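A closer look at the structure
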Amino acid sequence: MNGLDNPRPDVTPVKQGFHLDRSNAKVFGVCAGIARHFDIDPMIVRVAFVAGTVLGFGSLLLVYLAIALIAD
């Protein structure tokens, strides 16, 4: 066999970690990047961040800023 008889099946690309999504960004692209990484709607992540910020007395703002400064 020369290797051409049994072609490789289609290979899906591997996700390469987290990156900010500046093309869908509202502020820094953190929520859009998280949504792209987990393949969900960015609005869900944005609503979750706002709810977490309100319920956590602003603590998620520090997390958001840390992600914005560290990622990419």
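Below you will find a few notes about this structure. As the structure is a prediction and not an experimental result, all values here were calculated from the model.

Cut-offs and rules
- Residues numbered from 1 in each chain as written.
- Predicted model: local features only at pLDDT ≥ 70, side-chain atom pairs only at ≥ 80, totals over all residues.
- Heavy atoms only, no water.
- Helix = DSSP H or I, 4+ residues; strand = E, 2+ residues; numbered from the N terminus.
- Expected span 1.5 Å × (residues − 1).
- Buried < 20%, exposed > 50% of the residue type's maximum accessible area, 1.4 Å probe, protein only.
- Arc of directions from axis to C-beta.
- Salt bridge = Lys/Arg side-chain N within 4 Å of Asp/Glu carboxyl O.
- Lys, Arg positive; Asp, Glu negative; His and termini not counted.
- Contact = heavy atoms within 4.5 Å.
- Core = buried A, V, L, I, M, F, W, Y, C linked by side-chain atoms within 4.5 Å.

Right, let's get into helix α2 (residues 42–55). With 14 residues, α2 extends 20 Å between its outermost C-alpha atoms, agreeing within 8% with the 20 Å of an ideal straight helix rising 1.5 Å per residue. Among the residues of α2, V45, R46, F49 and T53 are the ones counted as buried. Projected down its long axis, α2 shows its buried positions confined to an angular sector of 100 degrees, all on one face. Of the residues in α2, the exposed ones pointing more than 90 degrees away from the buried face are I44, V47, V54 and L55. Just downstream of α2, F57 is the residue with a positive phi angle, here 55 degrees.

So, about the pattern of salt bridges. In a structure, side chains of opposite charge can pair up when their charged atoms sit close to one another. Within the structure shown, the criterion is met by one salt bridge. The salt bridge involving R36 is made with D21; its shortest N-O contact spans 3.9 Å. With a gap of 15 residues between them, R36 in helix α1 (residues 30–38) and D21 in the segment before α1 connect regions that are remote in the sequence. Under the relative-accessibility criterion, R36 is labelled partly exposed at 43%. By relative accessible area, which is 9% here, D21 ends up buried.

You can see R46 is positioned in helix α2. Notably, R46 is buried but unbridged: the nearest opposite-charge side chain belongs to D41, and the N-O separation is 6.4 Å. Among all residues touching R46, those that are not within four sequence positions of it are N24, K26, C31 and A32.

Turning our attention to the nonpolar core. Soluble globular proteins: nonpolar side chains tend toward being buried together. Counting 10 residues, the largest nonpolar core is built from L20, V30, C31, I34, A35, V45, F49, Y64, A68 and A71. Only α1, α2 and α3 (59–70) provide two or more residues apiece to this core. The dominant element in this core, judged by the number of residues it contributes, is α1, at four residues. Sequence-distant contacts of A71, defined by excluding residues within four places in its chain, comprise F18 and L20.

In short, geometric facts, not functional conclusions.
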